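# Remarks on the overall topology
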Amino acid sequence: MVRTSSGVWRSPVLVVVAVFAVLMSGCGGSGEATSSKSGSADNVDVDLSELKTATTEHKLPDAPKDKHRHAKTDGEVLHPTETLPVFDAVDGDPIAKLPKKQLKSPTWVPVIDKKDDWAHILLPTRPNDSSGWIHTTKDNVESAHNDYRAEVDLSDFSITTFHKGEQTHEYEVGIGKEKHPTPTGRAYIIASVDEQEDDYSPVILPLSVHSNNLTTYGGGPGTVGIHTWPDNSFLGEENSDGCVRVTSSALDQLVKLPLGTVVDIVD
Amino acid sequence: MSKKRLAALGASAASAALVGSALFAPTAVADGPHSPSAFGIAADGVIDLQPTPYVEDDDEDTTIDIPAEELAGSGTLTAAAHPGEASAEVEDLSLLGVDVPEIPGLPSYSGGLIDADAVTATCDADDGVSSQIANLEIAGQEIPIEAGDNTAPIPGPLDEIVDIVVNQQLDNGDGSMTANALKITLLDGAEDIPGLSGLAGQTITVASATCDVNDDDDNGDGDGDNGDGDGDGDNGDGNNDDNNGDDNDGDGDGNGDNGGGAAPNDDGSAPQPEPQPGHVAVTG
């Protein structure tokens, strides 16, 4: 029996369990890599060279799908500080690797669920609603809380931004034409691109979703994005090939949203 | 070694330092090149040429022999690899120049279809990857290359015959990056040109360097970053931006993400992003 400071006699079993728990949790955080290719200790058995990079360019048919396509997240976003394997489940099989950058922006992904030190994240790959699990340590990710959210209402032709749940802005938008509609679901902003080649918008915010019926577009994989347009003919119209077109004053606000901000696209 | 020679080549009107941004969507290389390594030239297609000269780890090699007769190439090719760095340089490059392909609509020219005074790719653990091309000419036409570009306007009718990518920068996903200074692709229009028929789809890579590049994600208030978005020292002027890996600060302080956007704000909130020069093809 162990006597605690309060004078109550406690069973030593509790003490042993507490110590054991401390030792167990220490296993995941050492960050030692036995192979330079495979990242932190927890992800050490994965050969990254065999895995597809989780970017807008790639398809992951085996990725688990987001089952709550319009649910709000708790706002956590993660940035991998090293290329991380992405698994199909907690302790599951690797299906991809998450690079530190998307296009040229730092990768930030929204967390849709957590289990111990595993994070269920949305992915920027095809098919739409792709998700995966990453095994995090204090060393292999940066975590931040994102208080922003956006919602695109397709039937209303609007985009609304929220900060800590309060509506901050609402703008009229243009959306995909009937033949090439804007897909629904909780997408997120994957990068912020100061566009050098095309001249219809100074900045383009590519989303994690892709057109459902255009497999390629303009030399790319059919990524859907948010951007402006040289004139306002798009307002309230279905005339893009999937992108959400906004006015330049709307874009001025939207470019401030952190990467990883969920853009929930509803019908 | 190559820096002195580059300085000696000087800055002629058509030379350009290509330390700029890569505009292509990120390329994932499943089976990446060895790091560090470098080569002068390689070709893929009907003409198949393994990287030449090819060096890795701690080695240098120079050759004046491009051992693929149909490439009809000449030049001085140097490749060097050492711990933490790699470089490749091709001087006095001439490709596809035996039966100099006559292009209808353009004056006749001498030399090869592709000529350049110098094509260089470098990789450095701290500075990242960069490329330089001096005096590129295609079918005798000067092709000016703007800093920060990954393509260059090709005058018609050449644009149906050949396409080029310059300063291609690849993140190999394993901590290493590759710079391919000049990639040439022959297009379908090549079929109609005597001397080029049968070569549509042919690619030629000139000057490639691969090495591990240090990643310093934390730019909270580090050197040359843009944590508070004041635009100094970042890649806004297109220096050394890469494709999908580490970015280099414009004032060469080393590697890091641009604009400090890779770490939370002091209060733990998600950072405001800084638009990065580049290109993304989205569905309009």
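Residues numbered from 1 in each chain as written. Chains lettered and ligands numbered in written order. Predicted model: local features only at pLDDT ≥ 70, side-chain atom pairs only at ≥ 80, totals over all residues. Heavy atoms only, no water.

## Looking at a negative patch on the surface
- On the surface, Glu56(B), Asp57(B), Asp58(B), Asp59(B), Glu60(B), Asp61(B) and Glu85(B) cluster together into a patch of negative charge.
- Tracing the backbone through its elements, the reader meets Asp61(B) in strand β4 (residues 59–63). (Patch = residues over 30% accessible without salt bridge, like charges linked within 9 Å, V, L, I, M, F, W, Y side chains within 5 Å. Areas by Shrake-Rupley, 256 points an atom, 1.4 Å probe, with all protein chains shown as cover. Salt bridge = Lys/Arg side-chain N within 4 Å of Asp/Glu carboxyl O. Lys, Arg positive; Asp, Glu negative; His and termini not counted. Charge placed at Lys NZ, Arg CZ, Asp CG, Glu CD. Helix = DSSP H or I, 4+ residues; strand = E, 2+ residues; numbered from the N terminus.)

## Points about the environment of Val141(A)
- Here Val141(A) is to be found in strand β11 (residues 141–145).
- Placed 64 residues apart in sequence, Val141(A) and Val77(A) show a C-alpha to C-alpha distance of 9.8 Å.

## Some remarks on the packing of aromatic side chains
Residues and elements named next belong to chain A.
- Considering all chains together, one arrives at 2 aromatic pairs over all chains under this definition.
- Between Phe87 and Trp118, the ring centres sit 5.2 Å apart and the planes meet at 75°, which makes this aromatic pair edge-to-face. Taken as a pair, Phe87 in strand β4 (residues 84–87) and Trp118 in strand β9 (residues 118–122) lie far apart in primary sequence, 31 residues in all. Of the two residues examined, Phe87 and Trp118, each falls in the buried class.
- Ring centres of Tyr200 and Trp229 lie 5.2 Å apart, and the angle between their planes is 35°; this geometry places the pair in the tilted category. Here the residue Tyr200 occupies a position in the loop between β16 (193–195) and β17 (203–210), and Trp229 occupies one in the loop between β18 (223–227) and β19 (238–240), the gap between them amounting to 29 residues.
- The class of Tyr200 is buried, set by a relative accessible area of 14%.
- Trp229 sits in the partly exposed class, given a relative accessible area of 26%. (Phe/Tyr/Trp six-rings, centres within 6.5 Å; stacked < 30°, edge-to-face > 60°. Buried < 20%, exposed > 50% of the residue type's maximum accessible area, 1.4 Å probe, protein only.)

## Quick notes on the sheet that holds strand β13 (residues 203–212) of chain B
Residue and element names in this part refer to chain B.
- Taken in spatial order, the 5 strands line up as β3-β2-β13-β12-β11 in an open sheet, and their pairing is antiparallel. Two strands bound the open sheet, and with one partner strand each, they are β3 (49–56) and β11 (162–171). Ignoring which end each strand starts from, the neighbouring axes of this sheet average 10° apart.
- Looking at chain direction, strand β2 (residues 37–44) and β3 are connected through 5 bridges and run antiparallel. By the bridge assignment for β3, Ser37 is matched with Glu56. (Pairing = 2+ DSSP bridges. Axes fitted to C-alpha atoms, helices over the stretch in contact; angles between N-to-C directions.)

## Details of unusual backbone geometry
All names here are of chain B.
- Each neighbour pair has its own omega, and for Ser35 with Pro36 the value is -5°, a cis peptide bond.
- With respect to the helices, strands and loops of the structure, Pro36 is situated in the loop between β1 (16–18) and β2.
- The linkage connecting Thr52 with the following residue, Pro53, adopts the cis geometry, with an omega of -20°.
- Looking at the element boundaries, Pro53 is found in strand β3.

## Quick look at the interface of chain A and chain B
- Across the contact, 60 residues belong to chain A and 45 residues belong to chain B.
- Approximately 3900 Å² of surface area, both sides summed, lies buried where chain A meets chain B, with 55% of it carried by carbon and sulfur atoms.
- Considering only the side of chain A, the residues that lose the most area to chain B are Lys101(A), Leu103(A) and Lys104(A), jointly responsible for 20% of the buried surface there.
- Our count for the contact surface shared by chain A and chain B stands at 0 salt bridges.
- Run the count over chain A and chain B and you get 17 residue pairs in polar contact (both at pLDDT 80 or more).
- Elements supplying a minimum of two residues to the side of chain A that touches chain B: β3 (76–80), β6 (101–102), β7 (105–106), β11, β16, β17 and β18 of chain A.
- Considering only residue class, the side of chain A that touches chain B consists of 22 nonpolar, 24 polar and 14 charged.
- Alignment of β16(A) against strand β14 (residues 276–278) of chain B, held across 3 bridges, turns out to be parallel. (Contact = heavy atoms within 4.5 Å. Buried area = accessible area lost by both parts, 1.4 Å probe. Polar contact = N/O pair within 3.5 Å; in protein donor to acceptor, adjacent residues only side chain to side chain. Nonpolar A, V, L, I, M, F, W, Y, C, P; charged D, E, K, R; others polar.)

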